Amino acid sequence: MSDIAPSTAPSDLHALLERLRAGVVGRVREIELVIAAIDANRHILIEGPPGTGKSTLLRGVAREMDIGFEFVEGNAELTPARLVGHFDPARVLSEGYAPDVFVAGPLAAALQDGSLLYIEELNRVPEETLNVLITVMSERELNVPRLGRIEAAPGFRLVSTMNPFDAVGTARISSAVYDRVCRISVDYQSMEDEATIVRRETATVPPGKSNDIDAAWRDGVVALVRSTRTHSDLRIGSSVRGAIDMVMVANSLSAIREVDPHTTSVSLDAALVALSGRVRLREGTSRTTEDVIRELWEAAFGQSTSDGGDGEGKAGAPTGGTTSS
């Protein structure tokens, strides 16, 4: 096990922190922890709900530290061969198992280049593939049949993210993995930080389109999205991405209907489109996700659609839709 001492001067670390704070909303503590762990040559696992800036943070650190970055999407198809690499079958027939016939996968490339190996959604990776990573994290080397030993160049680290264990396709991470990483737990940002994120992400619109978003209504959208995380009928709420989508959809829909984005029909339809697929109902509830989103929308904006009017439309469906006779 290598215990390489930190090599970055404190002044450089402070400058790095300031650059990252300019690009990542909030997350000051998490930025500090990630910088410290990477500078100490440790492997990292960031764990938290979807849409909480885990990938943004790691990508920002790699960019600002000018470190190589090998991206891997964790899923059931990530076999050891896809992670490590393989010999080109066609060239093997003519040249044999020569080193230059080997096609490096992201793990081998990161080891050779001294890059960060970033694995997204680590708890979706098959166990046999995780076992390869366990050896590499411990020994800082990889033995490939017919190729030999690949030793980690200085700078190689595994950085990974995962969502909580609660979704289809995820598995519990073994203690052997946790024993080899520094775990950083993140949760949803504050109301103020999420409002800032939505303002940033919705400040610009495509050429030829206007941006008539009312600031108070936009903040109400953030409050609506945050309320999905605590509703008794919902097991999983929406991330801030739902608020961004709702604002952007409402802006475009308002142009089509020639009304303001905060108009009841536009606002509610945008909420149903942006949020109903992101939330998950608790088992045993007889309600639909549309029912819950409509309830939360009414609570957030102090309006009711039960009497028809501007929100008139088929229950549980986008209110601006038409029906055929």
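Residues numbered from 1 in each chain as written. Predicted model: local features only at pLDDT ≥ 70, side-chain atom pairs only at ≥ 80, totals over all residues. Heavy atoms only, no water.

## Looking at the side chain of Thr-289
Part 1 of the argument: Here Thr-289 lies in helix α13 (residues 289-301).
Part 2 of the argument: Polar side-chain contacts of Thr-289 include one of 3.3 Å to the backbone oxygen of Ser-276. (Helix = DSSP H or I, 4+ residues; strand = E, 2+ residues; numbered from the N terminus. Polar contact = N/O pair within 3.5 Å; in protein donor to acceptor, adjacent residues only side chain to side chain.)

## Section: helix α9 (residues 191-201)
Since the α-helix advances by 3.6 residues per turn, residues separated by three or four positions end up pointing in the same direction.
Part 1 of the argument: All of the buried residues in α9 are Glu-194, Ala-195, Thr-196, Ile-197 and Val-198.
Part 2 of the argument: Residues of α9 that are buried sit in contact with α10 (215-227) and α11 (240-257). (Buried < 20%, exposed > 50% of the residue type's maximum accessible area, 1.4 Å probe, protein only. Contact = heavy atoms within 4.5 Å.)

## Overview of unusual backbone geometry
For residues other than glycine, phi is negative in most cases, and the peptide bonds are mostly trans.
Part 1 of the argument: Even without being a glycine, Arg-27 presents a positive backbone phi close to 60 degrees.
Part 2 of the argument: Examined against the element boundaries, Arg-27 turns out to sit in the loop between α1 (10-23) and α2 (28-39).
Part 3 of the argument: Residue classification places Arg-27 among the buried positions, given a relative accessible area of 11%.

## Concerning the sheet that holds strand β9 (residues 182-185)
Part 1 of the argument: If you trace the 5 strands from one edge of the open sheet to the other, you get β2-β5-β8-β1-β9, paired in parallel fashion. Across the chains shown, the open sheet's two edge strands, defined by having one partner strand only, are β2 (69-73) and β9. Pairwise comparison of adjacent strand axes, ignoring direction, gives a mean angle of 15 degrees for this sheet.
Part 2 of the argument: Here strand β1 (residues 44-47) pairs with strand β8 (residues 157-162) via 4 bridges, running parallel. Following the sheet pairing, Glu-47 is matched in β8 by Met-162.
Part 3 of the argument: Packing of α2 onto the sheet brings it into contact with β1, β5 (116-120), β8 and β9, and relative to β1 it is tilted by some 160 degrees. (Pairing = 2+ DSSP bridges. Axes fitted to C-alpha atoms, helices over the stretch in contact; angles between N-to-C directions.)

## A closer look at the environment of Val-279
Part 1 of the argument: The residue Val-279 is located in the loop between α12 (264-275) and β11 (280-281) in this model.
Part 2 of the argument: For Val-279 and Glu-290, which are 11 residues apart along the polypeptide, the C-alpha to C-alpha distance reads 9.8 Å.
Part 3 of the argument: When neighbours within four sequence positions are excluded, Val-279 is seen to be in contact with Thr-228, Leu-234, Ile-236, Gly-237, Ser-238, Thr-289 and Ile-293.

## Overview of the environment of Gly-74
Part 1 of the argument: Its place among the elements puts Gly-74 in the loop between β2 and α4 (80-84).
Part 2 of the argument: Considered as a pair, Gly-74 and Tyr-118 are 44 residues apart in the sequence and their alpha carbons are 9.6 Å apart.
Part 3 of the argument: When neighbours within four sequence positions are excluded, Gly-74 is seen to be in contact with Ile-119, Glu-120, Glu-121, Arg-124 and Val-125.

## Regarding α12
Part 1 of the argument: With 12 residues, α12 should reach 16 Å at 1.5 Å per residue; the first-to-last C-alpha distance of 16 Å fits that figure.
Part 2 of the argument: Of the surrounding secondary structure, the elements contacted by the buried residues of α12 are α10, α11 and α13. (Expected span 1.5 Å × (residues − 1).)

## So, the pairing of strand β6 (residues 141-144)
Part 1 of the argument: Burial of β6 is one-sided: the residues Leu-142 and Val-144 facing one way are buried, the residues Glu-141 and Asn-143 facing the other way are not.
Part 2 of the argument: One ladder, built from 4 bridges, connects β6 with strand β7 (residues 148-151); its direction is antiparallel. Pairing of Leu-142 across the sheet is with Ile-150, part of β7.
Part 3 of the argument: In sequence, β6 turns back onto β7 through a hairpin of 3 residues, with Arg-146 there showing a positive phi of about 70 degrees.

## Let's talk about the confidence of the model for the chain
Part 1 of the argument: Looking at the chain as a whole, the pLDDT averages 86, with 87% of positions reaching at least 70.
Part 2 of the argument: Contacts of residues 311-325 to residues separated by more than four positions or lying in other chains number 22 contacts, the stretch itself having pLDDT below 50. (pLDDT = per-residue confidence, 0-100.)

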